[in-house]
Amino acid sequence: MIRDPIEISSTVIYSEIEGGSMEKEQFEALMDLAMEREIESAKFYHDLAIVMDNPVVSDIFLNLSKDEEEHRSFLDNYKQQPYMHLKFKEIEAYHLNDSEELPLLTMKMKPEDAISLAIKKEQLAVEFYTDLANRSVDDDIRNTCLELAKMEHGHKVKLESQFELFMNQDTF
């Protein structure tokens, strides 16, 4: 059987060129990677919540941190029970900050910059999973990655919605 390595961060997942089902090791490596990214995101949002002076913005980031932990738990359950269907609803994005550079996380960061940074990080997560799906020759891996991209896209839309709300209410 011919295998095509797809390098992902420090993990290598092999997708089969012939055949069409994801091997257990491939699936577990993909889920481990996805869970690692959710843990990193939860910590990132928790750290943002701590540095924010604005309690409303701090609460947004604490809630996002909890969402990321729930997603990690969901992915862990999915890893243990892969027969579950992984499906997320597609949501239309605002496309705020898609082309901007990532600002640095600092203790003195303005709330709008913190939300902008979070939006950009979610966009990068969407791009990561979409790219992985596009490079996969295995339908199961491709579909799983596309569902993970939808999940991250949902985070981005949530942040964009909050950003728009704050800008319209001049809450910052």
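An account of the accompanying structure is given in this report. Quantities reported herein were computed from a predicted structural model and do not represent experimental measurements. Residue positions are given per chain, counting from 1 as you read along its sequence in written order. Selection of residues for local features in this predicted model requires a pLDDT of at least 70, selection of side-chain atom pairs for listing and counting requires 80 or more, and totals for whole chains, interfaces and linings are taken over all residues. Note that the side-chain values use all heavy atoms of the structure and ignore hydrogens as well as water.

Section: the overall build of the protein chain
From N to C terminus, the protein chain includes four helices and two strands. Per-residue burial for the protein chain yields a buried fraction of 44% across its 172 residues. Whether two residues touch is decided by their heavy atoms; if any such pair falls within 4.5 Å, the residues are in contact. Sequence-distant contacts in the protein chain: of pairs separated by 6 or more residues, those separated by 24 or more amount to 67%. Surface accessibility of the protein chain: about 9500 Å² in total, with carbon and sulfur atoms responsible for 50%. Secondary structure elements are defined from DSSP: runs of H or I of at least 4 residues count as helices, runs of E of at least 2 residues count as strands, and each element is numbered from the N terminus. Throughout this description, buried means an accessible area under 20% of the type-specific maximum (1.4 Å probe, protein chains only), exposed means over 50%, and partly exposed covers the range between. We get accessible surface area from the Shrake-Rupley algorithm with a probe of 1.4 Å; when it comes to residues, only the shown protein chains can shield them.

Considering the pattern of salt bridges
By definition, a salt bridge exists where a carboxyl oxygen of Asp or Glu is found within 4 Å of a side-chain nitrogen of Lys or Arg. Following the criterion strictly, the structure yields seven salt bridges and no others. With its nearest N and O atoms 2.5 Å apart, the salt bridge here joins Lys79 to Asp32. Within this pair, whereas Lys79 is found in helix 2 (residues 55-80), its partner Asp32 is found in helix 1 (residues 24-51), the two being separated by 47 residues in sequence. One salt bridge in this structure joins Lys156 and Glu160, with 3.2 Å as the shortest N-O distance. Taken as a pair, Lys156 and Glu160 lie in helix 4 (residues 139-169) at a separation of four residues, close to a single helical turn. For Glu160, a relative accessible area of 0% gives the class buried.

Looking at the environment of Ile39
Turning to its location among the elements, Ile39 is positioned in helix 1. Taking relative accessible area as the criterion, Ile39 reaches 43% and is therefore assigned partly exposed. Sequence separation between Ile39 and Glu68 is 29 residues; the distance between their C-alpha atoms is 6.9 Å.

Observations regarding the packing of helix 2 against helix 3 (residues 111-135)
For any two helices packed against each other, the geometry is given by the interaxial angle and the distance between the axes. Taken N-terminus to C-terminus, the directions of helix 2 and helix 3 make an angle of 20°; their axes are 10 Å apart at the nearest point. Accordingly, the angle class assigned to the pair helix 2 and helix 3 is roughly parallel. In the crossing of helix 2 with helix 3, the sense of the turn from one axis to the other is left-handed. Where helix 2 abuts helix 3, its residues Val57, Phe61 and Glu68 lie against Pro111, Ala114, Ile115, Ala118 and Glu122. Charged means Asp, Glu, Lys or Arg here, nonpolar means Ala, Val, Leu, Ile, Met, Phe, Trp, Tyr, Cys or Pro, and polar covers whatever is left, Gly included. Of the residues contributing to the contact of helix 2 with helix 3, the split by class is six nonpolar, no polar and two charged. Comment: axis = line fitted to C-alpha atoms, over the contacting stretch for helices; angle = value between 0 and 180 degrees taken between N-to-C directions. Angle categories: roughly parallel below 35 degrees, roughly antiparallel above 145, roughly perpendicular from 65 to 115, and oblique for all the rest. By the definition used in this description, the sense in which the near helix is turned from the far one sets the handedness, with an anticlockwise turn below a right angle giving left-handed and a clockwise turn giving right-handed.

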